[in-house]
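Close look at the chain arrangement
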Amino acid sequence: MSTSARKRDHLRVALEQDVEFRLKSAGFEAWDFVHCALPEMDLRDVDASTPFLGKTLAFPLLVEGMTGGCRDAEAVNEAMAAACRDQRTAMGLGSLRQLVEDKKQRKSYRVVRDTAPEIALLGNIGGVQLALWDSFGPLQEICHDLRLDGMAVHLNPLQECLQPEGEPRFRGVLLAVERLIRSLDIPVIVKEVGCGLSVNVVRLLHSAGVEWFDIGGAGGTSWAALEAHRSQDRSVADCFREWGIPTSRCLEALQAMDRIQIIASGGIRDGIALAKSLALGARMGGAALPFLRAWHKKGYEGIRQLMDVWHQTLRRVLFLTGSRKIEDLRRKEILYRRS
Ligand SMILES: Cc1cc2nc3c(=O)[nH]c(=O)nc-3n(C[C@H](O)[C@H](O)[C@H](O)COP(=O)(O)O)c2cc1C
């Protein structure tokens, strides 16, 4: 199956099937905020704005990279970009591999910058792919052409070893990431896509020069579930449906590491979970599936409305915890673990 057909398949399966973890959650329900009955401010004093890669967002949300390079991608990306522009959030593109290999699909990526010239926008490429390329020249060109603010490198060993056309060849990926950092003049963000980043992996990448990490933890979209729907024989993929480190657990484990910047994603499903992820140390929260489904139901308006609900919820969490700005959510005593 071609890369383009596979991307289309992923969108279709994610929209039509049950592709989320069933038994494991991202773990945010284990935490609660300490309610503050005396906020000593008005709700309108709350400021959720956040700097991200040189841009200012209305609140710390990234629509995670999903698509590009296939027939349906243009409509999805155009609506996502318009909603991110109007709600002032950040957006990620789906893998740029297709664009590097075949310029025919350019429009499905280009539409994002044309629709939203000013948003904080991330490119996306697989670590496996990087390790196979001798030169990053074509990727550098795309970065300039689309005026990307950062490049997300996805690590997806589970998906690669389960999908029928997968490439589970992870030798040399760390070195390739190091080379990429030297080749690009924008930050490189390393992300998982639903199994989480462990402390050891983050340490290795950090010593290779990576500062930004997108957790992509377990509890939301399960690539084993998604690939099971695409395989002839789903028996192996089914065994891995619940595989991975829950997002909140990754965040907790990474709290001891300073000098790294974290985006929390994987199973963030509302503004409360977003707020909890920030209180657990993340700079930003990210989500993919909820925005894809919102688009499927009501197009641009569905995405815009969902973002607005998350924004309004986050503002109220700030208010109800006596926090004027996002930074204040990182106070030590603000969260407690439910017994
Ligand atoms: C349909 C679909 C396509 C995706 N494509 C990509 C991709 O091309 N590159 C990538 O890094 N992650 C991709 N992801 C993973 C997301 O960026 C995100 O890491 C993951 O879905 C976890 O977030 P969620 O639980 O909010 O969905 C995709 C996710 C979905 C649902």
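Here goes a summary of the coordinates provided. Being a predicted model, the structure only gives us computed values, none of them experimental. (Residues numbered from 1 in each chain as written. Predicted model: local features only at pLDDT ≥ 70, side-chain atom pairs only at ≥ 80, totals over all residues. Heavy atoms only, no water.)

This paragraph deals with the environment of F291. With respect to the helices and strands, the residue F291 is situated in helix α14 (residues 289-320). Residues F291 and G302, 11 residues apart in the sequence, show an inter-C-alpha distance of 8.1 Å. (Helix = DSSP H or I, 4+ residues; strand = E, 2+ residues; numbered from the N terminus.)

Our next topic: the sheet that holds strand β6 (residues 121-126). Read around the closed barrel, eight strands run β4-β5-β6-β7-β8-β9-β10-β11, paired in parallel fashion. Neighbour to neighbour, the strand axes of the sheet diverge by 25° on average, direction disregarded. By the bridge criterion, three bridges tie strand β4 (residues 61-63) to strand β11 (residues 284-287) in an arrangement that is parallel. Looking at the pairing, L62 lines up with G286 of β11. (Pairing = 2+ DSSP bridges. Axes fitted to C-alpha atoms, helices over the stretch in contact; angles between N-to-C directions.)

With respect to the helices, strands and loops of the structure, Q87 is situated in helix α2 (residues 73-87). Given a relative accessible area of 10%, Q87 falls into the buried group. (Buried < 20%, exposed > 50% of the residue type's maximum accessible area, 1.4 Å probe, protein only.)

Close contacts around the ligand come from 24 residues, with K7, G65, N124, K191 and T221 the closest. Take A288: an N or O atom from its main chain is 2.9 Å from an oxygen atom of the ligand. Out of a free accessible area of 610 Å², the ligand has 98% covered by protein chains. One can see that the ligand is located within the largest cavity. (Near = heavy atom within 4 Å. Polar contact = N/O pair within 3.5 Å; in protein donor to acceptor, adjacent residues only side chain to side chain. Areas by Shrake-Rupley, 256 points an atom, 1.4 Å probe, with all protein chains shown as cover. 1 Å grid on protein atoms, 1.4 Å probe; cavity = no way out; pocket = protein on both sides within 12 Å on 5 of 7 lines; lining within 4 Å. Sits in = over half its atoms within 2 Å of the grid points.)

Here β6 lies mainly inside the structure; six of its six residues are buried. Of the two faces of β6, the one carrying L121, G123 and I125 and the one carrying L122, N124 and G126 are both buried. Summarising the sheet, strand β5 (residues 90-92) and β6 pair through two bridges and their orientation is parallel. Of the residues in β6, the one forming a bridge with G92 is L122. In this sheet, strand β7 (residues 150-155) lies alongside β6 in parallel orientation, the contact comprising five bridges. Looking across to β7, one finds that N124 is bridged to A152.

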